[in-house]
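What follows is the residue order along each chain.
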Amino acid sequence: MTRLFIALLFIVSGVAFAQEKSLEDESADFSPDRQLLLYYQSFAKEEPLPDFGLFKLAVTGYFNLKDSDRIGQADIVTIIDFRKPSNQKRLWIVDLKARSVLYHTLVAHGRNTGNLYAESFSNVPNSNTSSLGFYTTAQTYIGKHGLSLRLDGQEKGFNDKARERAIVLHGADYVSKDFVKAHGRLGRSFGCPSVPMAVHKEVINTIKDGTALFIFYPDKNYLSKSKLLQPTNLVAQVQKLTSEPAANAAAPLGSSR
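Residues numbered from 1 in each chain as written. Predicted model: local features only at pLDDT ≥ 70, side-chain atom pairs only at ≥ 80, totals over all residues. Heavy atoms only, no water.

What should I look at first to understand the nonpolar core in this one?
By size, the foremost hydrophobic cluster in this structure holds 53 residues, and its most contacted members are Phe55 and Leu96. For this core, the element with the highest residue contribution is helix α3 (residues 52–67), accounting for seven residues. Ranked by size, the runner-up nonpolar core spans seven residues in total, among them Leu106, Ala108, Tyr174 and Val180. (Core = buried A, V, L, I, M, F, W, Y, C linked by side-chain atoms within 4.5 Å. Buried < 20%, exposed > 50% of the residue type's maximum accessible area, 1.4 Å probe, protein only. Helix = DSSP H or I, 4+ residues; strand = E, 2+ residues; numbered from the N terminus.)

Structure below.
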């Protein structure tokens, strides 16, 4: 009986040691992907994040924009996932410093981009389509949709005609749960990323004046040519993010509209 007990104790101890060793090895993995994943997993859980693959692309572009002094000091990234249908929430505003989702809400695409799903993209004036890639936010103004936010496309050939096309972020009545209930999808814009009127002022005032905005769809041409998706200094940037404690920030706003 004593021998059996000792044998069992030895087996349990061995398993525990193996688990402990595995955890040590895991924490010692300083690869960029692993460190970024740990950082991603440290976010507040009140609102879901975009999937990790999309998050990685957005953070990579954010760092590249920041390194080239094209965005300000605000550690905020707006992420739009056009793989999802328009009747689902597919816009996130992420605070990288506070490690929280500030907003998660609906967003429309252009009328010639698709119906329920976004499928076609263009940078051509008067095409009434959405354009992919990274933008920086600029000034606000009062237009026919009320408070609106100018956007500057940062990717030549994909969205650099945003100003010429008057592509802006604004609120719209056709971006709402009620519209989805009536039509099965959101209404569509002339190419602007339109958000619910109920939150458009808060959203605009949160991201205005030099933050990053990323519109994503797995278009092969875009993914192969975008310079902002190249991880030039991702190792150092990820280590900086993971070494800093989350900032003391207000609770995530997490709009459900």
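What is the right way to look at the pairing of strand β3 (residues 100–105) in this model?
Along any regular strand the residues' side chains alternate between the sheet's two faces. Among the six residues of β3, six are classified as buried, and the element is accordingly described as predominantly covered. Both strand β2 (residues 91–95) and β3 contribute to a ladder of five bridges, which runs antiparallel. Residue pairing in the sheet places Asp95 in a bridge with Ser100 of β3. Hairpin connection between β2 and β3: a loop of four residues separates the two successive antiparallel strands, and Arg99 in this loop has a positive phi of roughly 55 degrees. (Pairing = 2+ DSSP bridges.)

Can you help me understand the pattern of salt bridges in this one?
As a working rule, side chains carrying opposite charge can pair if their charged atoms are close by. Following the criterion strictly, the structure yields five salt bridges and no others. Across the salt bridge formed by Lys66 and Asp75, the nearest N and O atoms sit 3.0 Å from each other. A salt bridge links Arg163 to Asp152; the shortest N-O distance between them is 2.5 Å. With Arg163 in the loop between β5 (146–153) and β6 (168–172) and Asp152 in strand β5, this pair connects stretches of sequence that are eleven residues apart. Take Arg163: its relative accessible area is 42%, and that puts it in the partly exposed class. (Salt bridge = Lys/Arg side-chain N within 4 Å of Asp/Glu carboxyl O.)

Which parts of the structure should I look at to understand the confidence of the model for the protein?
Parts of the model with low pLDDT should not have their predicted coordinates read in detail. Taken over all residues, the pLDDT of the protein has a mean of 86, while the share at 70 or more is 80%. Of the regions scoring below 50 in pLDDT, residues 1–27 engages in one contact with residues more than four places distant in sequence or in other chains. Note on residues 248–252: pLDDT under 50 across the span, and six contacts to partners over four residues away in sequence or across chains. (pLDDT = per-residue confidence, 0-100. Contact = heavy atoms within 4.5 Å.)

Could you clarify how one ought to interpret the environment of Thr60 in this entry?
On the secondary structure map, Thr60 appears in helix α3. When the C-alpha atoms of Thr60 and Leu229 are compared, they prove to be 5.9 Å apart, with 169 residues separating the residues in sequence. Within the structure, Thr60 has its side chain in polar contact with the backbone oxygen of Lys56 (distance 2.8 Å). (Polar contact = N/O pair within 3.5 Å; in protein donor to acceptor, adjacent residues only side chain to side chain.)

Explanation requested: the pairing of strand β1 (residues 76–81) in the structure shown.
Within β1, six of the six residues are buried, which leaves the element mostly enclosed by the surrounding structure. Burial along β1 is two-sided: the residues Ile76, Thr78 and Ile80 and Val77, Ile79 and Asp81 are all buried. As defined by bridge partners, β1 adjoins β2 across five bridges and the pair is classed as antiparallel. In the sheet register, Val77 faces β2, and the bridge partner there is Val94. In this structure, β1 lies alongside strand β8 (residues 212–216), joined through five bridges in parallel fashion. If you follow Asp81 over to β8, its bridge partner there is Phe216.

Would you mind going over unusual backbone geometry with me for this structure?
What you tend to see is this: most non-glycine residues have negative phi, and most peptide bonds are trans. Of note in this structure, Asp69 is not a glycine but carries a positive phi near 60 degrees. Its location among the elements puts Asp69 in the loop between α3 and β1. Phi is positive for Arg99, which is not a glycine, with a value near 55 degrees. Tracing the backbone shows Arg99 in the loop between β2 and β3.

Even after reading the chapter, I still don't get the sheet that holds β6, so can you show me in this structure?
Think of a sheet as strands paired side by side through backbone hydrogen bonds, with each pair either parallel or antiparallel. Spatially, eight strands are ordered β3-β2-β1-β8-β4-β5-β6-β7 in an open sheet, and the strand pairing comes out mixed. Both edges of this open sheet fall to β3 and β7 (194–196), since each of them pairs with a single strand only. Neighbour to neighbour, the strand axes of the sheet diverge by 30 degrees on average, direction disregarded. Packed onto the sheet, helix α5 (residues 200–207) meets β1, β2, β3, β4 (133–143), β5, β6, β7 and β8 and runs at close to 40 degrees relative to β5. (Axes fitted to C-alpha atoms, helices over the stretch in contact; angles between N-to-C directions.)

Explanation requested: the layout of surface pockets in the structure shown.
To find the voids left in a structure, one rolls a probe of water-molecule size over its atoms. Empty space within the largest pocket amounts to approximately 340 Å³. Taken together, the residues that form the lining of the largest pocket break down as eight nonpolar, eight polar and five charged. (1 Å grid on protein atoms, 1.4 Å probe; cavity = no way out; pocket = protein on both sides within 12 Å on 5 of 7 lines; lining within 4 Å. Points joined across faces, edges and corners; volume = space filled by probe spheres on them. Nonpolar A, V, L, I, M, F, W, Y, C, P; charged D, E, K, R; others polar.)

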